[in-house]
Amino acid sequence: MNIPEKFEELRSRGEGALIAYLCAGDPTPGATAGFVQALVRGGADIVELGLPFSDPVADGPTIEAASGRALSAGMNPDVYLEIVASINVDVPLVCMTYYNLIFKRGIEKFVHDCVQSGISGIIVPDLPVEESEELSTSCRKYGVDLIFLIAPTTTEERIERILRHGSGFVYLVSRLGVTGTRSDVSQSTTELLSRVKTKIPKAVGFGISNGNQAAEIIEGGADGVIVGSAFVDIIASGKDVTAKLETLARELKDGVLSVIA
Amino acid sequence: MSRTTYGKYGKYGGQFSPEVLMPALAELEEGYEKYKDEPEFLKELNYYLKDFAGRETPLYFAKRLSKKYGTRIYLKREDLVHGGAHKLNNTIGQAILAKYMGKTRLVAETGAGQHGTATAMVGANLGLETVVYMGAKDVERQRMNVYRMELMGTVVNPVESGSKTLKDAINEAMRDWVTNVVNTHYLIGSVVGPHPYPMIVRDFQSVIGREVKEQIMEKEGRYPDSIVACTGGGSNAMGIFYPFVEEKDVKLFAVEAGGSGLKTTEKAALHSASLCTGEEGILHGAHTRVLQDKYGQILESSSISAGLDYAGVGPELAYLAEICRLTPCNVSDDEALAAFHELCRMEGIIPALESSHALAYIKKAAESGELGELVVINLSGRGDKDLETVIKLNKEVHR
Ligand SMILES: Cc1ncc(COP(=O)(O)O)c(C=O)c1O
């Protein structure tokens, strides 16, 4: 199932999406497939798998540390693609990574290899729409969704440009800053949701860690919530990881379900 | 304003930046275009360059060095700029620009601590809150500069991630900027980063080359055969090169840190020579030449001099190297150290270890004679900050 089909299915049920993020290879390449399955059992509708980069400037300490653990454990794009290919779940998988890893592999080859291993979408936090033409072209060629971010600082003119180029869903950054959990999901989220007018599903990320926040975001008009650091924290803790991932995914999905999208 | 070029130098440069910062980069570009030629702005800039920084700096004829190497050698004395390095030329420009743009807070990264110090100076002087990120390893080896920054009211945050050097400090400064972009100006310290930074920093540093043009004409009645500058990110190099780029007879040499050899292990390079050995890649917002592994993971770099210890290089330098307008070269830690001592003893000037790389190239090039008969070396900074490092190394040698 690809991303638009997934959102279509959810929409027909009046349901918001839970999009869960993990850093692939954290703490070891062997662990990732099991974690993804746990997230899906808990109710994740889409799973974003981070391909770790040595210098993740858009990420906070939580995901930076996860990237470090994964890289130390031998993660690289080849291993990543093998992991993705080995994951057997019926939800779309999205690759989130920094542009240099794509560039170095060769843009078209990267997209081709992603598709081969079962990736449906790509998010590149350091690739603004202005620099995305080559990747965009390859993504269109192979039927992969290229997902862009929109931030509270993004101007109307840029929002339009981003919406013209993006597909799958748009990733609304709930607040200024890097990834990481926060107790407040800011007012700017609601504002941003109303500023972005589009048929493409809108998912909100950065800082969401519990069911109440997830419900609030859907209430505010989002089609989905993206949760990353809260899951990565569980992995970092190293205790009952699989069970806790499933439990948190369920709590978040329940939050999402408590509101009609 | 709609732009189509986004600061490309050939295929290099660009804006590979998180979305949150794209509007800030546009705002910065607009602010720069608006103020850079404005009389009021220029008046303030020139006032600070003269009365605060101490410009113009001398172009000094190094008599004994010239005699030894059989060529006329001039040193552009950026070591005499307030703070002890060329870095202040850029921080003055950017801080005044930030003030004009209504920003109240500066963040900066620093390697050797020279850029951090130069930022602390303008921050204190202009009354702007100033925060500097510095790799923990650099905090160790450049302790004096940490004290200097703190004395001037700057908060210095050691960065414990990655290689704990300049690259990691830039990551952290960018994260700060992403979070505080509304009131904060990111005062980047070299000709790196997303557009418009490489252009802005180059322009503010070009005062070096403009002065050299006049000074060498006055002293020698002609332009030099070659100009030599050490190259980390490349700001002192671009600053002295840029006004000469169109003077095709003037050869430009960018000397990188050859460290302990042009080799790499799995995760680290034993050097910082990204122009000489790096491959195309995207780092810190720009398409440039980068030290990386076969997957595109950035390698830790290495050098005796903290200021050159960086895995990337300014995109315009990558471009000038590609079109063969400049010659990338490198000298080892040991060669730089020898040149450091040589300048101390022969000219009574203690150079920065960074600048010692440029000096070391004179010896390296002496045999081939490629530098010609009239050479200008950018003496980008003074060596006081490096005394601890040098003393430690001497002890190791003599043990
Ligand atoms: C004295 C001196 N020279 C050179 C450099 C290297 O920077 P750049 O290549 O931008 O001139 C530094 C950096 O800290 C420095 O302190």
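Residues numbered from 1 in each chain as written. Chains lettered and ligands numbered in written order. Predicted model: local features only at pLDDT ≥ 70, side-chain atom pairs only at ≥ 80, totals over all residues. Heavy atoms only, no water.

### Some details on the sheet that holds strand S10 (residues 251-257) of chain B
By way of backbone hydrogen bonds, the strands of a sheet pair with one another, either parallel or antiparallel.
Residue and element names in this part refer to chain B.
Stage number 1. The strand order S3-S4-S14-S9-S10-S13 describes an open sheet built from six strands, whose pairing is mixed. In this open sheet, the two strands that pair with only one neighbour each are strand S3 (59-61) and strand S13 (326-331). On average, adjacent strands in this sheet sit at an angle of 25° to one another, irrespective of strand direction.
Stage number 2. Relative to strand S14 (residues 374-379), strand S4 (residues 72-77) is paired through six bridges, and the arrangement is parallel. Looking at S14, one finds that Tyr74 is bridged to Val376.
Stage number 3. Its contacts with the sheet put helix H10 (residues 207-220) on S3, S4 and S14, and the angle it makes with S4 is roughly 140°. (Pairing = 2+ DSSP bridges. Helix = DSSP H or I, 4+ residues; strand = E, 2+ residues; numbered from the N terminus. Axes fitted to C-alpha atoms, helices over the stretch in contact; angles between N-to-C directions. Contact = heavy atoms within 4.5 Å.)

### Here's the deal with the packing of aromatic side chains
Stage number 1. Scanning all chains against the criterion turns up 17 aromatic pairs over all chains.
Stage number 2. With centroids separated by 5.5 Å and ring planes inclined at 10°, the aromatic side chains of Tyr99 of chain A and Phe16 of chain B adopt a geometry described as stacked. Of this pair, Tyr99 of chain A sits in helix H5 (residues 99-105) while Phe16 of chain B sits in the loop between strand S2 (12-13) and helix H1 (22-35), on two different chains. Across the pair, exposure class does not vary: Tyr99 of chain A and Phe16 of chain B are buried alike.
Stage number 3. On the numbers, 5.3 Å between centres and 80° between planes, the contact of Tyr47 of chain B with Tyr48 of chain B is edge-to-face.
Stage number 4. Here the aromatic residues Tyr32, Tyr35, Phe41, Tyr100 and Phe204 of chain B are joined through ring pairs into a cluster of three or more.
Stage number 5. Stacked on the ring of Tyr60 of chain B, the Lys or Arg Arg77 of chain B has its end atom at 5.8 Å from the ring centre.
Stage number 6. One cation-aromatic arrangement involves Lys213 of chain B over Phe244 of chain B; the distance from NZ or CZ to the ring centre is 5.6 Å. (Phe/Tyr/Trp six-rings, centres within 6.5 Å; stacked < 30°, edge-to-face > 60°. Buried < 20%, exposed > 50% of the residue type's maximum accessible area, 1.4 Å probe, protein only. Lys NZ or Arg CZ within 6 Å of the ring centre and 35° of its normal.)

### Considerations on the pairing of strand S11 (residues 279-283) of chain B
Residues and elements named next belong to chain B.
Stage number 1. Relative to strand S12 (residues 286-290), S11 runs antiparallel, the two sharing five bridges. Note on S12: the bridge partner recorded for Leu283 is Ala286.
Stage number 2. Remark: two residues form the turn of the hairpin made by S11 and S12, two consecutive strands paired antiparallel; His284 in that turn has positive phi of roughly 50°.

### Quick notes on a nonpolar patch on the surface
Residues and elements named next belong to chain B.
Stage number 1. Where nonpolar side chains cluster on the molecular surface, the patch consists of Ile350, Leu387 and Ile391 and spans about 240 Å² of accessible area.
Stage number 2. If you trace the backbone, Ile350 turns up in the loop between helix H14 (333-347) and helix H15 (353-366).
Stage number 3. Note on Ile350: relative accessible area 39%, which makes it partly exposed. (Patch = residues over 30% accessible without salt bridge, like charges linked within 9 Å, V, L, I, M, F, W, Y side chains within 5 Å. Areas by Shrake-Rupley, 256 points an atom, 1.4 Å probe, with all protein chains shown as cover. Salt bridge = Lys/Arg side-chain N within 4 Å of Asp/Glu carboxyl O.)

### Some points on the site of the ligand
All names here are of chain B.
Stage number 1. Neighbouring residues of the ligand: 19 residues in total, closest Ser190, Gly232, Gly234, Ser235 and Ser380.
Stage number 2. One nitrogen or oxygen atom from the main chain of Gly233 is found 3.2 Å from an oxygen atom belonging to the ligand.
Stage number 3. The contact in question runs from an oxygen atom of the ligand to an N or O atom on the backbone of Gly234, over 2.7 Å.
Stage number 4. Relative to its unbound accessible area of 390 Å², the ligand is 98% covered by the protein chains.
Stage number 5. Considering only residue class, the shell around the ligand consists of five nonpolar, 12 polar and two charged. (Near = heavy atom within 4 Å. Polar contact = N/O pair within 3.5 Å; in protein donor to acceptor, adjacent residues only side chain to side chain. Nonpolar A, V, L, I, M, F, W, Y, C, P; charged D, E, K, R; others polar.)

### Concerning the interface of chain A and chain B
By a widespread convention, an interface's size corresponds to the accessible area lost as its parts come together.
Stage number 1. Of the residues lining the interface, 36 residues belong to chain A; the matching set on chain B comes to 35 residues.
Stage number 2. For the pair chain A and chain B, the summed buried surface comes to about 3000 Å²; carbon and sulfur atoms form 56% of the total.
Stage number 3. Considering only the surface of chain A that becomes buried against chain B, Val57, Lys104 and Glu131 of chain A emerge as the three largest contributors, covering 20% of it.
Stage number 4. At the boundary of chain A and chain B, one finds five salt bridges.
Stage number 5. Its salt-bridge partner being Glu19 of chain B, residue Arg158 of chain A comes within 2.8 Å of it at the nearest N-O pair.
Stage number 6. Linking chain A with chain B are 21 residue pairs in polar contact (both at pLDDT 80 or more), by the criterion used here.
Stage number 7. Elements with a minimum of two residues in the side of chain A that touches chain B: helix H3 (61-72), helix H4 (77-86), H5, strand S6 (149-150) and helix H8 (156-165) of chain A.
Stage number 8. In terms of residue count, H5 of chain A provides more of the side of chain A that touches chain B than any other element does, five residues in total.
Stage number 9. Classifying every residue of the side of chain A that touches chain B by side-chain character gives 19 nonpolar, six polar and 11 charged. (Buried area = accessible area lost by both parts, 1.4 Å probe.)

### Quick look at the nonpolar core
Stage number 1. The biggest cluster of nonpolar side chains holds 187 residues, and the ones touching the most others in it are Tyr80, Ile122, Phe169, Tyr171 and Phe231 of chain A together with Phe241 of chain B.
Stage number 2. Not counting residues within four places of it along the chain, the set of residues in contact with Phe241 of chain B comprises Ile227, Ala229, Leu252, Phe253, Ala254, Leu317 and Leu326 of chain B.
Stage number 3. Counting residues in hydrophobic clusters, the runner-up holds 28 residues, among them Leu308, Cys329, Val331 and Leu379 of chain B. (Core = buried A, V, L, I, M, F, W, Y, C linked by side-chain atoms within 4.5 Å.)

### Overview of H15 of chain B
Residue and element names in this part refer to chain B.
Stage number 1. The end-to-end C-alpha separation of H15 is 20 Å, in line with the 20 Å expected for 14 residues at 1.5 Å each.
Stage number 2. H15 sits mainly inside the fold: 11 of its 14 residues count as buried.
Stage number 3. Within H15 the residues assigned to the buried category are Leu353, Glu354, Ser355, Ser356, His357, Ala358, Leu359, Ala360, Tyr361, Ile362 and Ala365. (Expected span 1.5 Å × (residues − 1).)

### Points about the confidence of the model for chain B
Stage number 1. Residues at a pLDDT of 70 or more form 98% of chain B, whose mean pLDDT is 95.
Stage number 2. The ipTM value of the predicted complex is 0.94, and its pTM value is 0.95. (pLDDT = per-residue confidence, 0-100.)

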